[in-house]
Every structure is written in C-alpha cells, then in structure tokens.
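Geometric and topological summary
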Amino acid sequence: MRGILLAVVAVFAVNMGWTQDTKAKEILDKVSEKTRAYKSINADFSFSTENQEMDINEGNDGSIKIKGKKYNLKMKGLKGGEQQSEVILEVFSDGVILWNYMKDGNQVTVSKVDDESNELMDPSSIFTIYERGFKSEFIAEKKMDDKTVYHINLYPDSDEFDVSKIEIFIDKAAYMIHAATLFAADGNLYKILVNKLETDKDFSDSEFVFDASKHPDVEVIDFR
C-alpha cells in the first residue's frame, strides 16, 4: 500500500524541492504551471514493483482522479498471474478525511489527512511536490514509447521520503508526465507508465468520499 502511493505520487507529483539544475527547473516549472491551471486530472496508468534480490516482479493497472486537494485512487489486482479488471484497492480523500478500502476482507480504515506525516504519501500533492525536499538534475532528451521525453532525476535532501532517487520522464510536446521510476530505500523499484491522461473533467465531490452503503457489512477501522 505504501509503495503504491509513493510511486503514484512520484509519477504525477512533479514539483519537488530546491533545485540546482537550471534546465531541469525550467522544465518542471512549465509542467507545474500547466497542471496547476487544470480544475481536475484523470489518469490511467500501469504500475509495477521490482526487486531483483528478492525475485519480485509484479504489475497492476490503476487510475487516479484529482480535484484540488481531493483524490480517488483505484488499483486492479492480479489473479493467476493475469491482470484482472476488478478493483482490489481504493483510496479516497476529500482533503480532510482519508479512507483506505481493501476489497479482500471488505475492510476500510479511516484517518485524518493531517495525520499523514509523509507528504510524499499524499496524491493530492501531485504535480506540486518538487517544490520541497528534492534536488533536480536534467539528464537527457530521448525517445520513449514513440514520444520525445525529458529525463530528469530527483534526489531527496533528507531521508524523510524513504527514497534514494526518482527518475521522471516528461512528454516534451505536452509537458505532462509520461513515466517515472522510484528507487525506494528498501531496494524496491516502483515504476509507473501513464497510459491515458485527461484534464478538466467534471467530478462530483461524492466521488472522493467512501460510501459504506455500497459495501454491505464493511468493517470500519476508525483511527480519528
């Protein structure tokens, strides 16, 4: 769960910290300026976790909706090694309350957003995280998946985020995130590829609140 949120934010939250690389800052500022102007963002993505030492190579598909400080993250599961269309994990936040729903077990945990100490765990920071806590370095302009992308590396200036590096790849034509790889302190690599991205869609506020009536007999664990 923690790895999923870290990686999702890493790919979308392109706004991280003090930067010494002029070219990287110029690119990131353009991405930030563009995305801040959108009233909402809707993205479908592929997510994978890799760890060669532990022989881990797992993949999932997911989607995220963002509206201001509100977000809804969904992850689909694997069964028998094949991707399923069924959502197994869903995270809701209305900007104040956070709900983490696991279909397996029909259980939801509830907490206050303010109780989340690590800002990198908050997808509402998407596209704005680079403004704090990271140094950036422009690596190259290259081809990736038939797109011309900017490759930029982000390095934390503290151990607050439990990562050693984040590689991000920005679509040069659209100035939007195309992919990212997060190098976690535990040795895991979290990778995300954005398959589809839409902006300025109309989302009702109810989409960012967990509705217990849709999940009969759900077990609620309230940490508030």
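See the structure above.
Summarised in this report is the structure supplied together with it. Worth saying up front: this structure is predicted, and the values here are computed from it rather than measured.

1. Concerning the overall build of the protein chain
Of regular secondary structure, the protein chain possesses two helices and twelve strands. Order of helices (α) and strands (β) in the protein chain, N terminus to C terminus: α-α-β-β-β-β-β-β-β-β-β-β-β-β. The burial tally for the protein chain puts 47% of its 224 residues in the buried class.

2. Examining the pattern of salt bridges
Under the criterion given, the structure shown has 14 salt bridges. The salt bridge involving Lys 25 is made with Asp 29; its shortest N-O contact spans 2.7 Å. A residue pair is termed a helical-turn pair when its members lie 3 or 4 positions apart in one helix, as Lys 25 and Asp 29 do in helix α2 (residues 22–36) at four residues. Among the salt bridges present, the one from Glu 141 reaches Lys 172, with a minimum N-O distance of 3.0 Å. Of the two residues, Glu 141 sits in strand β7 (residues 134–144) while Lys 172 sits in the loop between β9 (163–171) and β10 (176–184), which places them 31 residues apart along the sequence. Put simply, Lys 196, Glu 198 and Lys 201 are held in one network by salt bridges that share partners.

3. Considering the packing of aromatic side chains
Applying the stated rule across the entire model yields six aromatic pairs. Seen from their ring centres, Phe 92 and Phe 210 are 5.7 Å apart, and the 70° between their planes marks the pair as edge-to-face. One end of the pair, Phe 92, is in strand β4 (residues 82–93); the other, Phe 210, is in the loop between β11 (189–199) and β12 (219–222), with 118 residues separating them in the sequence. Each of the two residues, Phe 92 as well as Phe 210, counts as buried. Taking the centre distance of 6.3 Å and the plane angle of 80° together, the rings of Phe 203 and Phe 208 count as edge-to-face. In terms of burial, Phe 203 and Phe 208 fall into one category: buried. Among the aromatic residues, those joined into a ring-pair cluster are Phe 92, Tyr 101 and Phe 210.

4. Some thoughts on the environment of Asp 171
Mapped onto the fold, Asp 171 is located in strand β9. The buried category is assigned to Asp 171, whose relative accessible area is 12%. Along the primary structure Asp 171 and Val 149 are separated by 22 residues, whereas in three dimensions their C-alpha atoms are 4.6 Å apart. Of the polar contacts made by the side chain of Asp 171, one reaches the backbone nitrogen of Ala 174; its length is 3.4 Å.

5. Focus: the side chain of Ser 40
When you line up the elements, Ser 40 lands in the loop between α2 and β1 (41–51). Looking at Ser 40, its side chain comes within polar contact range of the main-chain oxygen of Lys 201, at 2.6 Å. Dropping the residues within four chain positions of it, Ser 40 is found in contact with Ile 66, Glu 198, Thr 199, Asp 200, Lys 201 and Phe 203.

6. Examining the nonpolar core
Membership of the largest hydrophobic core comes to 34 residues, with the highest contact counts inside it found for Ile 27, Phe 45, Ile 152, Leu 154, Ile 166, Ile 168 and Ile 170. With residues up to four places along the chain from it excluded, the contact list for Ile 27 reads Phe 138, Tyr 150, Ile 152, Ile 170 and Tyr 175. Ile 97, Trp 99, Tyr 101 and Val 108 belong to the second-largest nonpolar core, a separate cluster that totals eight residues.

7. Considerations on the environment of Asp 94
Mapped onto the secondary structure, Asp 94 falls in the loop between β4 and β5 (97–102). Among residues more than four places away in sequence, those in contact with Asp 94 are Lys 70, Trp 99, Phe 208 and Val 209.

Cut-offs and rules
Residues numbered from 1 in each chain as written. Predicted model: local features only at pLDDT ≥ 70, side-chain atom pairs only at ≥ 80, totals over all residues. Heavy atoms only, no water. Helix = DSSP H or I, 4+ residues; strand = E, 2+ residues; numbered from the N terminus. Buried < 20%, exposed > 50% of the residue type's maximum accessible area, 1.4 Å probe, protein only. Salt bridge = Lys/Arg side-chain N within 4 Å of Asp/Glu carboxyl O. Phe/Tyr/Trp six-rings, centres within 6.5 Å; stacked < 30°, edge-to-face > 60°. Polar contact = N/O pair within 3.5 Å; in protein donor to acceptor, adjacent residues only side chain to side chain. Contact = heavy atoms within 4.5 Å. Core = buried A, V, L, I, M, F, W, Y, C linked by side-chain atoms within 4.5 Å.

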